[in-house]
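Spelled out from the first residue to the last, the chains are:
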Amino acid sequence: MYAHKEIEKKWQERWEEARVFEVSEDEQKKLKKRYVLDMFPYPSSNGLHVGHPEGYTATDIYCRYLRMSGHHVLHPMGWDAFGLPAENYAIKEGTHPAETTRKNIQTFKRQIKSLGFSYDWSKELNTSSPDYYRWTQWLFLQLYKQGLAYKKKAPVNWCESCQTVLANEQVVNGACERCKNPVVQKELEQWFFKVTQYAEELLSCLDTLDWPEPIKLAQKNWIGRSEGALIEFKLQATSYKLQAFTTRPDTLFGATYMVLAPEHALVAQLKEQIKNWKEVDAYRASARKKTELERAHLEKEKSGVPLEGVTAINPANNQEIPVWIADYVLASYGTGAIMAVPAHDERDFAFAKKFSLPIRMVVCPHYPAPTCPVLDEAYEGGGHMVESGEFNGLPNEEAKWAITKKVKGERVTQYRIRDWLISRQRYWGAPIPIIYCDTCGTVPVPSADLPVLLPTDVDFKPTGESPLRRSKSFHKISCPTCGKPARRESDTMDTFVCSSWYYLRYPNATEIAEPFTKESLAYWLPVDMYVGGAEHAVLHLLYARFITKALRDLGYLSFDEPFARLRNQGMILGEDGEKMSKSRGNVINPDDVIASHGADTLRLYEMFMGPFEATKPWSTGSIIGIRRFLDKAWKLYERLEVRGERLEVKKPILEKLLHKTIKKVTHDIETFNFNTAISALMILLNELGKTAQKHEGLSQKTRDAFLLLLAPFAPHLAEELWERDGHSTLIARASWPTWDETLVKDEIVRVIVQVNGKPRDAFDAPADTDDKALQKEALAREKVQKWIGGRQPKKIVVVRGRLVNIVV
RNA sequence: GCCGCGGUGGCGGAACUGGCAGACGCACAGGACUCAAAAUCCUGCGAGAGCAAUCUCAUGAGGGUUCAAUUCCCUCCCGCGGCACCA
């Protein structure tokens, strides 16, 4: 048993003193760069959980390996420090969020350091510090100048419990992502970032990224591109026209009614014509009150009200059709109005059935058919046109654009993604740097006046109004343009704005009077490897991509995508196979594992549990296996030192295994297959142990190679053994071992002999034995002859270096 | 409902490009050491049959392709994750 406590402390101090993990201008000149980044944590009051070290260990192994193989590595860590929990804690306990955050960061930093990660702490950043959020505000102003940040009154998601608006991405199942309370719609004036302007590029650039496919798919679906047509419907006896977006213009002849979203502006304008206005207005009011959850989740039950006295003209056949309002049509997508084709759309079908509206089939799967069948569900597939005038008989895909053309429709592309709502009516965030003046209107805070400091004299209690409004020192100000009394914007920015650009800040010297410098970005960006949880698929990862593209178009960046490679760590479940949570009481604290088994053991264990990206359960009992492995290594080197057995008896098998292991571990680190890399190290160590037990000795080269391979995984133990074995330099700065490909290849291979596909025998043969000789040997074998039983082989398959299959 | 990921011993998991299924580790059993225990070391360890050599079955279920399938194709079942009326 080695003394992990002392050894780990010793080497953590040595690394810090020697500043081995800090980037240097010297290396910048001669080495190839690698920027390896972890998604920075929100420093919660619970401290680190075992999920954090999983990703951090992976990047650390990767970075240590990269440094040893001659790269200049930037590996920074920081704090995503603004956010609701600290503020909620302030409301409950009265402790200022700045204080809570400071404490939590201290804990996180201590815990992260205790794991021996090779971060460059000189680059540490904190999004809640004025040095940082000053530039978040700068970012806002840049977007504002470009018209990419704008204020708009719109129906937005409102969380009653958090008393703030939420971005679309933060509404989960109609409920607030944080507090799980239902989200309601509110009409409010809010700040947005124009993500939609980049919808097409955000979609098309996905192909260029080395990211997990599921994440790319999630983004693709979230962006939700669909091609279709805008078709204009005249309203009977009025001068109003109604535009509808459809992806199925081919079904226009089957449009038997129209539906407007309850919030559609035209509804109010038609008040005079609507005979049942009272009923219509009541419906509108009730739709507004419904939560997202109610609106979406009661999906089976469609509801709606006809606009009596209002009819539209179907431009395809000039038929007069009714117009309804219903909340299954969303105001925020397309034009907020649809042409309803119940025969070919599931939702329209359900609605038509409920309100006994006509269903007319116009796309027939079996053509020519004498009559169209009566449908018991909508038919959404393809086929040929029927009941569609001159288009009858055309394949529906062709009819799409022919019909669009006939009715003078416009071919358009729609996206599901919405602009990013970034205002928050909360305290603990970066203030939006805007001033409202009665004379000058909306005035951006001049860059020189940044940062707009978050005031401290604030009552945190959320009332639906921004807490900052209650700070007199903050709210009232004179207009920077005309000097007259004016007021500050009192909302803060979504914390996702802070995290949307932090990777651009790290590479710079910390005390610069700019958000980042061109030189530092040119050298370090884009991030070569980014690691974090998959839960950010359509949040942070999408926002960061958007910000990168926006800054590029503003002339600040010269690359299109921030993160070239992305890997997601899988979730670690509790021992009961359930998600770790306080209420279940299945949370594992890394501190405890470090105390009992050591940081190296924890690191190795988390990597050995299973594939990096897989969800896997924690198993306290299995940790001992890793600790035994490290103890074995310790004992081996101790024994060799005591006995002075440091000369190796030439052992070709061991040498071969060593080279195979070097190759495997190298390859596995590069592909993030850490579990199999560790298993290879175990196999090697077991062999080294056997050799040592026979007093055969181990050469310097062999002893070094094992430690070098171990170093990225268990850096403390590797340093200690490296030193004890006579080295005076750090293993963290040593060179990664190389392998000899000729030694990796086996000269003698085991050849399997199958009879009718079943393995019956095996023999050893030189790897380059030709097919004929293999076949001859296989057939000559007694066992094989027995299985053939005198029959004539019908076919013999020979795979060189692997097997012979005899079919009889 | 749609999309994605997965299902291999008692457990976590290996398996290159289709080529001996179960590497490595945990647990378990037997042995060595010990007065004894712990630790450590050695051996065994998918199921069934057999004294044994060995044989049969086995990668969620069923079918298919192939000389050969955990791996490729089809149908279905189960678990997990995401999206959720996007016209």
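Please refer to the structure higher up on the page.
Worth saying up front: this structure is predicted, and the values here are computed from it rather than measured.

Here is what the cut-offs are and how they apply
Residues numbered from 1 in each chain as written. Chains lettered and ligands numbered in written order. Predicted model: local features only at pLDDT ≥ 70, side-chain atom pairs only at ≥ 80, totals over all residues. Heavy atoms only, no water. Helix = DSSP H or I, 4+ residues; strand = E, 2+ residues; numbered from the N terminus. Buried < 20%, exposed > 50% of the residue type's maximum accessible area, 1.4 Å probe, protein only. Contact = heavy atoms within 4.5 Å. Near = heavy atom within 4 Å. Polar contact = N/O pair within 3.5 Å; in protein donor to acceptor, adjacent residues only side chain to side chain. Nonpolar A, V, L, I, M, F, W, Y, C, P; charged D, E, K, R; others polar. Pairing = 2+ DSSP bridges. Axes fitted to C-alpha atoms, helices over the stretch in contact; angles between N-to-C directions. Parallel < 35°, antiparallel > 145°, perpendicular 65-115°, else oblique. Left-handed = near helix turned anticlockwise from the far one by under 90°. Expected span 1.5 Å × (residues − 1). 1 Å grid on protein atoms, 1.4 Å probe; cavity = no way out; pocket = protein on both sides within 12 Å on 5 of 7 lines; lining within 4 Å. Points joined across faces, edges and corners; volume = space filled by probe spheres on them. Salt bridge = Lys/Arg side-chain N within 4 Å of Asp/Glu carboxyl O.

Q: Please explain the overall build of chain A as it appears in this structure.
A: Of regular secondary structure, chain A possesses 28 helices and 33 strands. Principal axes of the C-alpha set define a box for chain A whose edges measure 105 × 85 × 50 Å. Expressed as a percentage of the 808 residues in chain A, the buried residues total 54%. In chain A, of all internal contacts separated by at least 6 residues, the share reaching a separation of at least 24 is 73%.

Q: Where do I start with unusual backbone geometry in this structure?
A: Trans is the common state for peptide bonds, and a negative phi is the common state for residues other than glycine. Looking along the chain, the bond that leaves L450 and enters P451 is cis, with omega of 0 degrees. Position of P451 relative to the elements: it lies in the loop between β22 (441–444) and α14 (472–475). That bond from L525 to P526 is cis: its omega, -5 degrees, falls within 30 degrees of zero. Its identity is not glycine, yet R19 carries a phi of approximately 45 degrees, on the positive side.

Q: Would you take a moment to explain the protein's contact with RNA strand B for this structure?
A: Close contacts around RNA strand B come from 56 residues, with S226, T247, R347, R802 and N805 the closest. Close to the protein, within 4 Å, the atoms of RNA strand B are drawn from sugar and phosphate at a rate of 60%. Here a sugar or linking oxygen of RNA strand B and a backbone polar atom of Y328 are 2.9 Å apart. Note that a phosphate oxygen of RNA strand B is positioned 3.3 Å from one of the side-chain N or O atoms of N686. Broken down by class, the residue content of the surface near RNA strand B amounts to 24 nonpolar, 15 polar and 17 charged.

Q: What is the right way to read the environment of Q414 from this model?
A: On the secondary structure map, Q414 appears in strand β18 (residues 410–415). Given the relative accessible area of 17%, Q414 is considered buried. A sequence separation of 188 residues divides Q414 from S226, and the C-alpha atoms of the two residues are 5.3 Å apart. Sequence-distant contacts of Q414, defined by excluding residues within four places in its chain, comprise G224, R225, S226, F245, Y333 and G334.

Q: How should I be thinking about the sheet that holds strand β33 (residues 803–807) in this particular structure?
A: Strand pairing in a sheet relies on backbone hydrogen bonds, with the paired strands running either antiparallel or parallel. With mixed pairing, the 4 strands of this open sheet are ordered in space as β31-β30-β33-β32. At either margin of the open sheet sits one strand with a lone partner, and together these are β31 (758–766) and β32 (795–799). Each neighbouring strand pair of the sheet contributes to a mean axis angle of 15 degrees, computed without reference to strand direction.

Q: Teacher, can you tell me more about the side chain of T548 here?
A: Looking at the secondary structure, you find T548 in helix α18 (residues 540–553). Discounting chain neighbours no more than four positions away, the residues touching T548 are Y503, L557, F559, D560, E561 and P562.

Q: What exactly am I supposed to notice about the packing of helix α20 (residues 599–608) against helix α21 (residues 623–643) here?
A: For any two helices packed against each other, the geometry comes down to the angle between their axes and how far apart the axes lie. Running from amino to carboxyl end, α20 crosses α21 at an angle of 120 degrees, the nearest separation of the two axes being 9 Å. Compared by their axis directions, α20 and α21 come out oblique. Of the two possible hands of crossing, α20 and α21 adopt the one that is right-handed. Across the interface between the two elements, D600, T601, L604, Y605 and F608 from α20 touch I623, I626, R627, F629 and L630 from α21. Looking at side-chain class alone, the contact of α20 with α21 contains 7 nonpolar, 1 polar and 2 charged residues.

Q: Mind showing me how you'd approach the packing of helix α4 (residues 84–93) against helix α5 (residues 97–113) here?
A: Packing of α4 against α5 leaves a shortest axis separation of 8 Å and a crossing angle of 125 degrees. Looking at the two axes, α4 sits oblique to α5. Handedness of the crossing formed by α4 with α5: right-handed. Residues A86, E87, Y89 and A90 of α4 form the contact with α5, whose own contacting residues are P97, T100 and T101. A breakdown of the residues in the contact of α4 with α5 according to their chemical character gives 4 nonpolar, 2 polar and 1 charged.

Q: It is not clear to me how helix α25 (residues 715–724) should be interpreted in this structure. Could you clarify?
A: One turn of an α-helix holds 3.6 residues; hence residues three or four places apart share an orientation. For α25, the tally of buried residues reaches 8 of 10 residues, placing the bulk of the element in the interior. Within the span of α25, buried status applies to P715, H716, L717, A718, E719, E720, L721 and W722. Taken together, the buried residues of α25 touch α1 (4–18), α3 (51–68), α20, α21 and α24 (700–710). Positive phi appears at G726, one or two residues downstream of α25, with a value of about 105 degrees.

Q: Honestly, the sheet that holds strand β1 (residues 32–38) in this entry has me stumped. Any pointers?
A: If you trace the 4 strands from one edge of the open sheet to the other, you get β2-β1-β26-β27, paired in parallel fashion. Only two strands of the sheet have a single neighbouring strand rather than two, namely β2 (71–74) and β27 (566–568). The mean angle between the axes of side-by-side strands here comes to 20 degrees, regardless of whether they run parallel or antiparallel. Where strand β26 (residues 529–532) lies against β27, 3 bridges are found, and the strand directions are parallel.

Q: What exactly am I supposed to notice about α3 here?
A: For α3, spanning 18 residues, the distance from its first C-alpha to its last is 26 Å, which sits close to the expected 26 Å at 1.5 Å a residue. G70 sits one or two positions beyond α3 and adopts a positive phi of about 85 degrees.

Q: Explain empty space enclosed by the protein here, please?
A: Using the criterion set out here, one finds 2 cavities of 30 Å³ or more in the structure. Its boundaries defined by the atoms lining it, the second largest cavity holds a volume of some 30 Å³. In this structure, the second largest cavity is lined by V20, F21, E22, V23, E27, R67, H72, V73 and R733.

Q: For this particular structure, what's the right way to read the pattern of salt bridges?
A: Enumeration according to the criterion identifies 51 salt bridges in this entry. Between K33 and D528 there is a salt bridge, with its nearest N and O atoms 2.8 Å apart. One end of the pair, K33, is in strand β1; the other, D528, is in the loop between α17 (518–524) and β26, and 495 residues separate them in sequence. An identical accessibility class is assigned to K33 and D528; each is buried.

Honestly, it's all geometry; don't read function into it.
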